Amino acid sequence: MLLISCPWCGARDETEFSCGGEAHIARPADPNALSDAEWADYLFMRKNTRGPYLERWVHTAGCRRWFNVARDTVTNEITAVYKMGAKPPRARAKASRRKR
Amino acid sequence: MAQSHRLSDGGRIDREQPLGFTFNGKSYQGYAGDTLASALLANGVMLVGRSFKYHRPRGILSAGVEETNAPVQLETGPRTEPNLPATEIELYDGLSAASVNCWPSVEIDAMEVNDLLSRLMPAAFYYKTFMWPARFWMSYEKAIRQAAGLGTTPVHRDPDRYDKMHLHCDVLVAGGGPAGLAAALAAGRTGARVVIAEQQAEFGGALLGERDEIDGAPAIEWVAAALAELAAMPEVRLLPRTTVFGYYDHNFVALLEHRGDTVGTRKRLWKVRVKQTVLATGAIERPLVFADNDRPGIMLAGAARTYANRFAVTPGRRAVIFTNNDDAYRTALDLKAAGVEVACVVDLRGDPDGDLPDRADAQGIEVLGGWAVTAVHGRKRVNAVEVMALDASGEAVDGEPRRIDCDLVCVSGGWNPTLHLFSQSGGRARFDAARSLFVPGDSMQAECSVGAANGTFGLASCLTEGHEAGAAAAAGAGRRRSQKRISVPRVAETVEGAWRNLWVVPGKHPVGRRAKHFVDLHNDVTAADIQLSAREGYESVEHTKRYTTLGMGPDQGKTSNIAGLAILARERGADIPDVGTTTFRPPYTPVTFGALAGRDIGPLADPVRRTPMHHWHERAGAVFEDVGQWKRPRYYHRPSETMGDAVDRECLAARNSVAILDASTLGKIDIQGPDAAELLNRVYTNAWDALAVDRCRYGLMLGEDGMVMDDGVTARLGENRYLMTTTTGNAARVMGWLEEWLQTEWPELKVHLTSVTEQWATVTLSGPHARRLLGAFTTDIDLDAKAFPFMSLRQGTVAGIPARVFRISFTGESSFEINVPAGYGLALWTALMGAGEKYGITPYGTEAMHVLRAEKGFIIVGQETDGTVTPVDLGMDWVLSKKKDFIGKRSLDRADCQRLDRKQLVGLLTEDPNSVLPEGAQIVSELRDKPPMPMIGHVTSSYFSANLGRSIALALVKDGRARQGQTVHVPLDDRTPRAVIADPAFYDPEGDRLHG
Amino acid sequence: MKGMTRYSIFSLVRNAIGYHEGWPRAWRSPEPRETYDVIVIGGGGHGLATAYYLAKEHGITNVAVLEKSWLGGGNTGRNTTIVRSNYLWDESAALYEKSLQLFEGMTPDINFNIMLSQRGVINLAHNLHDLRELTRRVGAIRLNGIDSEVLNTQQVKAMVPILNCQPDARYPVLGASLQRRAGVARHDAIAWGLARAADARGVDIIQNCEVTGILRDGGRVTGVETTRGTIRAPKVGIVVAGHTSVLAAMAGIRLPIQSHPLQAMVSEPVKPVIDTVVMSGAVHVYVSQSDRGELLLGAGIDGFNSYAPRGSLPVIEQQMAACLELFPIFSRLRVMRTWGGIVDVCPDASPIIGKTPVEGLYINGGWGTGGFKATPGSGWVFAHTMAQDRPHPLNEPFALERFTTGALIDEHGAAAVAH
């Protein structure tokens, strides 16, 4: 069970949170200007990376605030937690040291 | 009855506390401190079970969790429990247990015929046969199922309780043997918060069954001192009878504590977030794989001396020790000391020369170096073994066999570190080729292995390693090292020789012929089975496991996995690590379902939500329906009424007099801030800028995929304040949805949301007399239709209670939705009921509500929609703004949403006005004799409408609006009613009554 | 099939005389060749079925199946072995029914007992909304010519006496759907049997061969890079449940797939206590009893993307609580083993089977939590798609393009009713 550090509440068990999937997918400013394929890309297509991944979580059973998490999807190691609107950590999503 | 095999003194049992128990219906006596296994052995009972596949007689193999042979059914009745190893059951007075998987008895088992037929049943034989005729498989299978399984499931509900405990600690020590105790001491002395868990009732681990000395005194005295010191430390928690069974991500560790059936909570699941874990889980002895190595009386050497030393039980009268290492000589020495005749030590090694063989020699114990046990005599109990000399290669035996009478064979193939938790933590085992054993590799989480679990077998080194690891763990958890200088206890280290690993002991006959060489005793997997799997190309160890069922039983291969791996490697001509290691999966030992569920069962399985008027509804005969977690009255049942009668009565009242509904469950979100209207603009399909204060508007919410997600009325309470209502089932989802957009996408919007669903009780009055009834309760709200028009709200008092009154309607009647603080809900309800009596006020439930709204053609999200329906499909284009963007708008322009033959919402009128279509029924345009038949849609809602005097239905039908007037068919099991497609608004389509 | 020793009671007896020392390998272990006509990436059930049907139905035998580890080691060997075809939408029903029919003929077809046990699958309804959806589903299934029926509470109780059918249960049983032809099949046997049958038709099954790159020449595929060297082929199919996104990314293709852990567990073996498969989608409980006597339980997916084939304990706790609410007498049984797999989840809970923007590259993935039951059907349509370079009508609706056009096949069903 993951231990996630909510930027507002501190470290809490995974069960208090919900995962909102890939982070940094901005809603297009003018959806009508997009082709169907471009709209589908926004709507459905996801990196689903095997390895370091940036994703959104919300502290559902706590402060109800959303924030970003950099987590390795193979090791589940969390390398960074940062607030909404903040830039993703560049080097912090370091290569995983563990493989299974 | 006398305990024929009990020593007169020694051991850790309490002879002052005799305990009576029964096994397979016979009465015996043991002592406090016994396990069921030790008590049975004390009474000379060795045959305790039958094997899984061949039903061969089996005796007690071990003294611990690795037991493969002695699963029993403990107790009968509600507290019965199947498959518990006798070695793990602490004896108590009155215990009753029985063997499993044998009939009629463990002595005479009819299914033993399988052993005779075993040549036809090699590993995985069932994949190669039972194929003809193909349809007979299920008949074969029925017989197989009856034969399989071990114990039986209770037939009653579990009378016991289970709890869950949550804990954080600096250091968790898994295992209370010497290394674990040393680690706990070292960590505890720093003031660290330490938890030490031991699966047995007593701490001490292997020391409980050994005759070691520490600091010149019996080791058990050191254990007692260590426990006393730990118990005095305020931050240290000792958890006996507690197994660390699972190691999960982020150093989350799960423990199962067994507390016994006599205390309030039978078991507790401890969920521990650990800073540093010390794995002192010990090692499990390897059996040797030789001909008929499963006969009762063949026991692990370590277990045999545990029974002698700890339980003062002699598992046999005359023993042969069969070993590949020095450690088993301890068994020879200890058994001899306990008065057991030790016939000889059969040692696979040619020239055993360590300290222990020397001591055995000095004691006059015969040692056959370079010999092997090649045959076992005695089916239900060993009565002799044959031994032969190994040739130089160790691949074969030669010379004449020698027969040695004995009733006990103590075997040891060395020890395997218990790596389960290490493996679960993500670590990969490393193969120590020199010693032919797997040891922990690099740590992947904050843990370290010590003692036998780390491949460190000497007591002195275990203590040192435990000590160092405990101190390091405390430091790693941020504790300062203790100032006290601690001396590691002194132990005279014994020099031990190397093991000789012969993974299959050669015999007179090749493996697979005549005798059976068991690797997995639990699942009856033999060396020949493993060879067969390799021969057939099932070469990966995972294939071998699955093909042969090696390691798949309740013991999960604790004594068999490594041997299996080695035999497979040998068969493939590969090195052991190249064949792979198997992954150890949680749990380490089986975990009771009830403990995992804890208290989350029965009424606590899922919270039930009730409105403030719930008990009134109950008294009024309401039949409830589950909507999400809410209980809502479906209808109010009166004696002599059918449900149909009740719903008709409620529906008629709503249109002809006045009816009252508890609508408290609707979701309510208080939206405040200067950008509130802008938020509504973005999440609802229609425009909200122009909505005046005290006015209401219906809104439809889409997912970004354009599909209808929720609907409801939102009212403007003030300049910057709105109250959104959502459907009951979607309240939390909508709240989460709005928050997500606000926080992640539109942080610039100045809006705050508060869920106020449970702050308000909502009472809806509907019908021609609604206004007059309400009028009697309010003086500060002008209820006149002109002063208080449809789709507006007023704030004032109702029955003296501060209230918000909305003129909105889901029934199509003139209605008032009265919101009062939740605590006043019941007061308002009873006041209205009392005064409404003269109008024949009628409470109505969700069923009548559904009928009334269906008469109007109003949708219910989740009933007329299913996540694939757009507003256009519903004929609700009028609610889509063309001027602004909103969530989901772009998706509506996609090709599939523009299709002309999409399913559209229509009304359905059955040809027979009394025929009510089942909701969910499929619709076809052309009837065929039999399926397949193309379907054009389905019935979403269907009722008998008392107001219209006929049945009505709503449906989603392909290109439905263009089919108005067409007749369609609804094929059901027993009839195929016909219906005509109609407009969905059946009643008052102009809406005059709404505004009235 | 050339060179395949027939399995039967006779061959068993014959080999028993020889102490089973004469059994041949079930499949070869060849070195990869430099080129093939078709490469199938992924030696799970779907990949092996693809290869088998390429050989059997289309005569394409110069095929390599590349498996990064051991065949059948992914979701094929980790699922709860349920097979059924009781799907709501026509497109799904047709595909899964094809699969169930292939299962029904598979044991004699591949001469390997896959232990198809059509003991029936029951899906429970716990509220009025469930009942309505169940009626809809059963009606649709029946009109599609597939067996399905509605059971009332008494009928459910009669079939599964140990189920908690008390009206005051937290999840009362208001009814159920039953597909009698549904049931379970032995997952490993399907992988092994298909491997053996494909091998006998000339397919090379290459284990421990991980694909590290997909070779392209302009817009078309030319082969793959592997840990055992470059292997060329004009057609490459990706059939790697759980890792579809990873392989597709090697060819620059973005997918609407999310990978999640899915957990399952077995109890210790007990004597027969439940004959049918009982599923409750609402509370995520899937229970059956194996022929060995173990209760086999499936849970819901863990809520975040992960390629770690293990899950969190709370998911198991939650599933167990719901299980005990439905089956109170299981409380004192014990979990023997838990495990996880990685499942590809599509937004509409339906798979993607078809062509990709890269010519000669095909994808079969996104099966979510229910791929096992589709194994032969999936392989059959995918073999057709690869052989003909166009989808079979059965898998045409499951093209990747549906996420652009919006023609989703939404098997999530309706969310909870919301009045």
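Treat the numbers as computed from the prediction; the structure is a model and nothing was measured. (Residues numbered from 1 in each chain as written. Chains lettered and ligands numbered in written order. Predicted model: local features only at pLDDT ≥ 70, side-chain atom pairs only at ≥ 80, totals over all residues. Heavy atoms only, no water.)

Caption draft 1: Representation of the overall build of chain C within the structure. On a plain count of helices and strands, chain C comes out with 11 helices and 19 strands. Against the globule reference of 22 Å for 419 residues, chain C gives a C-alpha radius of gyration of 22 Å, in line with a compact fold. Across its three principal directions, the C-alpha atoms of chain C cover 65 × 60 × 40 Å. With 419 residues in all, chain C has 70% of them scored as buried. Look at the contacts in chain C between residues 6 or more apart in sequence, and 75% of them connect residues 24 or more apart. Carbon and sulfur atoms make up 51% of the accessible area of chain C, which totals about 12300 Å². Between the mean site of the 39 positive side-chain charges and the mean site of the 37 negative ones, chain C shows a separation of 4 Å. (Helix = DSSP H or I, 4+ residues; strand = E, 2+ residues; numbered from the N terminus. Rg over C-alpha atoms; globule rule 2.2 N^0.38 Å. Buried < 20%, exposed > 50% of the residue type's maximum accessible area, 1.4 Å probe, protein only. Contact = heavy atoms within 4.5 Å. Areas by Shrake-Rupley, 256 points an atom, 1.4 Å probe, with all protein chains shown as cover. Lys, Arg positive; Asp, Glu negative; His and termini not counted. Charge placed at Lys NZ, Arg CZ, Asp CG, Glu CD.)

Caption draft 2: View of the overall build of chain A. A tally of regular secondary structure across chain A gives 1 helix and 6 strands. Mapped from its N terminus to its C terminus, chain A presents α and β elements in the order β-β-β-α-β-β-β. Among the 100 residues that make up chain A, the fraction classed as buried is 43%. Look at the contacts in chain A between residues 6 or more apart in sequence, and 44% of them connect residues 24 or more apart. When the accessible surface of chain A is split by element, carbon and sulfur atoms take 49% of a total near 4700 Å².

Caption draft 3: View of the pairing of strand β36 (residues 696–702) of chain B. All names here are of chain B. Burial of β36 is extensive: 6 of the 7 residues sit out of reach of the surface. Strand direction decides the pairing type here: β36 and strand β37 (residues 708–718), joined by 7 bridges, are antiparallel. Opposite M701, over in β37, you have D710 as the bridge partner. Turn length for the β36-β37 hairpin, with the two strands adjacent in sequence and antiparallel, is 5 residues, and the turn residue G706 shows positive phi of about 85 degrees. (Pairing = 2+ DSSP bridges.)

Caption draft 4: Main features of the domain arrangement of chain C. Residue and element names in this part refer to chain C. Looking at chain C, the domain boundaries give domain 1 (36–85 + 87–112 + 187–257 + 348–415) and domain 2 (121–183 + 259–345). Centre-to-centre separation of domain 1 and domain 2, based on C-alpha positions: 27 Å. Each side of the interface is counted separately: domain 1 has 35 residues, and domain 2 has 33 residues. Buried surface at the junction of domain 1 and domain 2, summed over both partners, amounts to about 2600 Å²; 54% is from carbon and sulfur atoms. For the pair domain 1 and domain 2, the interface holds 2 salt bridges. (Domains from an automatic or database assignment. Buried area = accessible area lost by both parts, 1.4 Å probe. Salt bridge = Lys/Arg side-chain N within 4 Å of Asp/Glu carboxyl O.)

Caption draft 5: Region of interest: the nonpolar core. One finds L36(B), F322(B) and V385(B) to be the most contacted residues of the largest nonpolar core, which totals 156 residues. No other element matches helix α7 (residues 187–200) of chain C, which puts 8 residues into this core. Among all residues touching L36(B), those that are not within four sequence positions of it are F21(B), V72(B), A86(B), I89(B), L91(B), L95(B) and A97(B). By size, the runner-up hydrophobic cluster in this structure holds 59 residues, among which are Y42(A), M45(A), C209(C) and C346(C). (Core = buried A, V, L, I, M, F, W, Y, C linked by side-chain atoms within 4.5 Å.)

Caption draft 6: Representation of the interface of chain B and chain A in the model. Listed per partner, the contact involves 30 residues of chain B and 28 residues of chain A. The junction of chain B with chain A conceals about 2500 Å² of combined surface from both sides, 44% of it contributed by carbon and sulfur atoms. In terms of surface lost to chain A, no three residues of chain B exceed H250(B), Q743(B) and R890(B), which account for 26% of the buried area on that side. Between R27(A) and D885(B) there is a salt bridge, and its shortest N-O distance comes to 2.9 Å.

Caption draft 7: Structural view of the interface of chain C and chain B. On the chain B side, the residues contacting the 102 residues of chain C number 130 residues. Both sides of the chain C and chain B interface together cover about 10200 Å² of buried area, and 56% of this is carbon and sulfur. Where chain C packs against chain B, one counts 14 salt bridges. In this structure, the salt-bridge partner of R332(C) is D160(B), at a minimum N-O distance of 2.7 Å. Taken together, chain C and chain B are joined by 55 residue pairs in polar contact (both at pLDDT 80 or more). (Polar contact = N/O pair within 3.5 Å; in protein donor to acceptor, adjacent residues only side chain to side chain.)

Caption draft 8: Region of interest: the environment of E813(B). Residues and elements named next belong to chain B. Looking at the secondary structure, you find E813 in the loop between β42 (801–806) and β43 (815–821). Along the chain, E813 and G767 lie 46 residues apart, while their C-alpha atoms are 5.4 Å from each other. Not counting residues up to four positions away in its chain, the partners in contact with E813 are A654, R655, S766, G767, P768, Y987, R993 and L994. A polar contact of 2.9 Å, which involves the side chain of E813, links it to the side chain of R655.

Caption draft 9: Examining helix α8 (residues 355–362) of chain B more closely. Residues and elements named next belong to chain B. L356, P357 and A360 are the residues of α8 that are buried. Down the axis of α8, the smallest arc covering the buried residues is 100 degrees, so these residues share one side. Along α8, the residues that are exposed and aim more than 90 degrees away from the buried face are D361 and A362. Along its buried surface, α8 packs onto α7 (327–337). (Arc of directions from axis to C-beta.)

Caption draft 10: Geometry of the sheet that holds strand β12 (residues 235–238) of chain C. All names here are of chain C. Taken in spatial order, the 6 strands make up an open sheet running β8-β2-β1-β12-β19-β18, and their pairing is mixed. Each edge of the open sheet is held by one strand with a lone partner, namely β8 (204–206) and β18 (352–355). Taking each pair of neighbouring strands and ignoring which way they run, the sheet shows an average axis angle of 15 degrees. Strand contacts of helix α2 (residues 45–58): β1 (38–41), β2 (63–66), β8 and β19 (361–365), with the helix running at about 175 degrees to β2, the strand carrying the most contacts. (Axes fitted to C-alpha atoms, helices over the stretch in contact; angles between N-to-C directions.)

Caption draft 11: Representation of the pattern of salt bridges within the structure. Under the criterion given, the structure shown has 94 salt bridges over all chains. A salt bridge links R890(B) to D36(A); its shortest N-O distance comes to 2.7 Å. One end of the pair, R890(B), is in the loop between α22 (846–856) and α23 (895–898); the other, D36(A), is in helix α1 (residues 36–43), on a second chain. Connected through salt bridges with shared partners, the residues R56(B), R58(B), D115(B), D292(B), D294(B), K516(B) and D524(B) form a single ionic network.

Caption draft 12: Representation of the pairing of strand β35 (residues 667–672) of chain B. Residues and elements named next belong to chain B. Counting buried positions over the 6 residues of β35 gives 5, a clear majority of the element. Note: β35 against strand β38 (residues 721–726), 6 bridges, orientation antiparallel. Residue pairing across strands places I671 opposite Y722, the latter belonging to β38. Both β35 and strand β39 (residues 752–755) contribute to a ladder of 4 bridges, which runs antiparallel.

Caption draft 13: Expanded view of the environment of V45(B). Residue and element names in this part refer to chain B. In this structure, V45 sits in the loop between α1 (36–42) and β3 (47–50). For V45, a relative accessible area of 13% gives the class buried. Expressed as a C-alpha distance, the spacing of V45 and S814, which sit 769 residues apart in the sequence, is 84 Å.

Caption draft 14: Quick peek at the state of the cysteines. Taken as a whole and assessed by the stated rule, the structure comprises 0 disulfides over all chains. Of the cysteine sulfurs around C165(C), a residue in no disulfide, the closest is that of C323(C), at 14 Å. Here C165(C) falls in the buried class, since its relative accessible area comes to 15%. No disulfide involves C346(C); its nearest neighbouring cysteine sulfur is the one of C19(A), lying 17 Å away. (Disulfide = S-S within 2.5 Å.)

Caption draft 15: How the structure looks around the sheet that holds strand β40 (residues 760–766) of chain B. Residues and elements named next belong to chain B. Across the sheet, which stays open at both edges, the 6 strands sit in the order β41-β42-β43-β40-β34-β44 with mixed pairing between neighbours. This sheet does not close on itself; its edge strands, each paired only once, are β41 (793–798) and β44 (842–843). Two elements, β41 and β42, share 6 bridges in a ladder whose sense is antiparallel. Bridge pairing in β42 links R794 to V805.

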